[in-house]
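# Summary of the model geometry
The chain contents come next:
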Amino acid sequence: MIRKAPVSMIMTENVITLKKKDSLEKAEQIFKKYNIRHLPVVTNNVVIGMLSKTDLLRLKFADYSDNEDQDTDVFVYKMFTVEQVMRQKIVSVTSSNSIKDVAEIFATREFHALPVIDNNQLVGIVTTTDVIRYLLSQF
């Protein structure tokens, strides 16, 4: 295992993002289409927040499944904006931070994705799954 392996080795570079004015319905469609759980919210490629699939689930009245009442979801989603639901106080890392640094953040915080930011611009995203896959590849 490379002791100081940079997060750039495991991060996703082509990040799917949202804008603060996007609808929550659009966010849910992206989560489903790409089978992802975290979306950075950006303005001019600067991260202003993070929206997770869990954030959306908290808004719903029913369990998350393909059989849920779509009308209820649309109604709930129209009550809020991405900007109102996203996490605004985010923690980020740079592409040169070590994978160990990232693992320590995940181990002590209650989130599972970090935007990777260089020179105030979004360059990637790293998740707990990325870290676990990296660790498994070392065995």
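Scroll up for the structure.
Keep in mind the model is a prediction, meaning the values are calculated, not measured. (Residues numbered from 1 in each chain as written. Predicted model: local features only at pLDDT ≥ 70, side-chain atom pairs only at ≥ 80, totals over all residues. Heavy atoms only, no water.)

## A short note on the pairing of strand S4 (residues 121-127)
Extensive coverage of S4 is indicated by the burial of five of its seven residues. Pairing of strand S3 (residues 113-118) with S4, which is carried by six bridges, proceeds in the antiparallel orientation. Of the residues in S4, the one forming a bridge with Pro115 is Ile125. (Buried < 20%, exposed > 50% of the residue type's maximum accessible area, 1.4 Å probe, protein only. Helix = DSSP H or I, 4+ residues; strand = E, 2+ residues; numbered from the N terminus. Pairing = 2+ DSSP bridges.)

## Details of the pattern of salt bridges
Tallied over the entire structure, the rule returns seven salt bridges. Of the charged contacts in the structure, one is a salt bridge between Glu83 and Lys21, with a shortest N-O distance of 3.9 Å. On the criterion of sequence distance, the pair formed by Glu83 in helix H4 (residues 82-85) and Lys21 in the segment before helix H1 (24-34) is long-range, its members being 62 residues apart. Notably, a salt bridge pairs Lys100 with Glu104, separated by 2.6 Å at the nearest N-O pair. Of this pair, Lys100 and Glu104 both sit in helix H5 (residues 99-108), four residues apart, which is roughly one turn of that helix. When its relative accessible area of 47% is taken as the criterion, Lys100 is described as partly exposed. What emerges from the salt-bridge pattern is a single network uniting Lys20, Lys21 and Glu83. (Salt bridge = Lys/Arg side-chain N within 4 Å of Asp/Glu carboxyl O.)

## Remarks on the layout of surface pockets
By volume, the largest pocket is sized at about 500 Å³. Around the largest pocket sit 21 residues that line it, and Ser52, Arg87, Glu110, Phe111 and His112 are the ones nearest its centre. Of all the elements in the fold, those that place two or more residues in the lining of the largest pocket are strand S2 (46-52), helix H2 (53-59) and S3. Sort the elements by how many residues they give to the lining of the largest pocket and H2 lands first, with four residues. The residue inventory of the lining of the largest pocket, partitioned by class, reads seven nonpolar, six polar and eight charged. The space that makes up the second largest pocket amounts to roughly 330 Å³. (1 Å grid on protein atoms, 1.4 Å probe; cavity = no way out; pocket = protein on both sides within 12 Å on 5 of 7 lines; lining within 4 Å. Points joined across faces, edges and corners; volume = space filled by probe spheres on them. Nonpolar A, V, L, I, M, F, W, Y, C, P; charged D, E, K, R; others polar.)

## Looking at the pairing of strand S1 (residues 38-43)
Side-chain direction in a regular strand flips from residue to residue, so the side chains alternate between the two faces of the sheet. Within S1, five of the six residues are buried, which leaves the element mostly enclosed by the surrounding structure. Taking the residues that link successive antiparallel strands as the turn, the S1-S2 hairpin has two residues, and the phi of Asn44 there is positive, at about 55°.

## Examining unusual backbone geometry
Of note in this structure, Asn45 is not a glycine but carries a positive phi near 65°. Turning to its location among the elements, Asn45 is positioned in the loop between S1 and S2. Residue Asn119 is not a glycine yet carries a positive backbone phi of 50°. With respect to the helices and strands, the residue Asn119 is situated in the loop between S3 and S4.

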